[in-house]
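Residues per chain, in single letters:
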Amino acid sequence: MIAKFRSIFPSFSRIYIDLNRWQRFNYIRFMRQVMAECTDATIDDISILYRSEKYVVVNKRYDVLINSEEETHTNPMFGNIDVAKQLFHVMPEVADPKLEHHFRFVHRLDFATSGVLCLGLKRKAAGKAAIKFQQRLVTKHYSALVRNTVYRLDERSELTISAAIGRDKTEDARHIMTTADNPNCESPRPCKTKMVLLETGKYDGEPASKVLLIPETGRTHQLRVHCRHVGHQIVGDYAYSNRTDVKPYRMMLHAFRLVIPLQNEHIDVVAPDPFTPETDKLWQPDKVVRTYDDYVKDQDFKKTLSSGKKTSPGRKPKHRNIRDGTTSSAPCTTGDFDGATNTAVSVTGDSNRSSNSGPSAGHGASQTPIVKM
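What counts and what doesn't
- Residues numbered from 1 in each chain as written.
- Predicted model: local features only at pLDDT ≥ 70, side-chain atom pairs only at ≥ 80, totals over all residues.
- Heavy atoms only, no water.
- Core = buried A, V, L, I, M, F, W, Y, C linked by side-chain atoms within 4.5 Å.
- Buried < 20%, exposed > 50% of the residue type's maximum accessible area, 1.4 Å probe, protein only.
- Helix = DSSP H or I, 4+ residues; strand = E, 2+ residues; numbered from the N terminus.
- Contact = heavy atoms within 4.5 Å.
- Salt bridge = Lys/Arg side-chain N within 4 Å of Asp/Glu carboxyl O.

This brings us to the nonpolar core. The biggest cluster of nonpolar side chains holds 47 residues, and the ones touching the most others in it are L87, F105, M195 and L213. Among the elements that make up this core, the one with the highest residue count is strand β5 (residues 139–147) (four residues). Filtering out sequence-adjacent residues up to four positions away, L213 remains in contact with K140, H141, Y142, A144, T193, K194, M195, L223, C227 and L253. Counting residues in hydrophobic clusters, the runner-up holds 19 residues, among them Y55, V57, V116 and A126.

Below, the discussion takes up the environment of T149. In this fold, T149 is placed in the loop between β5 and β6 (158–162). Separated by 51 residues in the primary sequence, T149 and T200 have C-alpha atoms spaced 6.3 Å apart. Excluding its chain neighbours within four sequence positions, the residues that come into contact with T149 are T200, P207, S209 and H232.

This brings us to the pattern of salt bridges. Per the counting criterion, the structure on display carries 16 salt bridges. Across the pair D96 and R104 runs a salt bridge, and its minimum N-O distance is 3.1 Å. On the accessibility criterion, D96 (16% relative accessible area) is buried. The buried category is assigned to R104, whose relative accessible area is 8%. Residue R224 pairs with D110 through a salt bridge whose shortest N-O separation is 2.5 Å.

So this is what it looks like as structure tokens:
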């Protein structure tokens, strides 16, 4: 039955055009359940990566909203689960009853994107972190699996994507972004993304590449649109694959590392990388082009040269391992947010009213929080 359904799927995808926003979410969920046997999030499907008196950083699961508006509260697509409800379940003592959704999210991740998500426990603390996002002083590193083998690279296995992005005004492309070379692009804004090739291999038997994505600006769906622009759409990205990529159980985009340089509390947190053969057997790398450790070391060296400082003898710069998510400290490039909905959230008063949106294995156990006060 399922095999027969998969064979006629292209004709079913035409239904998508006539559906409204929430019906589209339900449709995508149905397709993923049939094609990839995906499962819904549970109230416990969240882990705490970092906690201090002022901030909490969590590992968000894929296909989970940040918080829900009245329109989605009764929508069976979301199963009445969002990050705000998960947090209230696992740490109710830090919830603020004065806020509609109980928590002050400093920034947002798209519905389909997993990974590092920060919130402030106090109004003033959340405001200070949000300002860092607005000033583009926050570092974001994303791990992703993209279709096909990435070839268009420089000698450092890197590719800089500079393509302005705006909304697609096509009638059947609501909530979709596109690049300025599309005649239907509305009000494009300049943006830039760095793509670093880490591994090549196959995902579910088809050519794919594992890349590090670093947004130097922040536009809605920037990483997803830029990957498609260079011919390497993210694996499982239904919206930006002409509504065809439903076989994977999720969209393979993960907010891997977040660095917020606050004056009295330097936040530098990693969420375990889900795109390894150990966590997803469908991903089988055949070549390691460059490790994340090597990339970070290279950035450390460049920063040392530009500052004119010498590294102390016998002292090696620490860095992070993209495979196991172990924590250490290392300078990074800066940029604005994000691979999903990339907005620094207002934190005055009852702040978190907007719901996260976007189509698309739970994460491992919580890491030991690293708190440096």
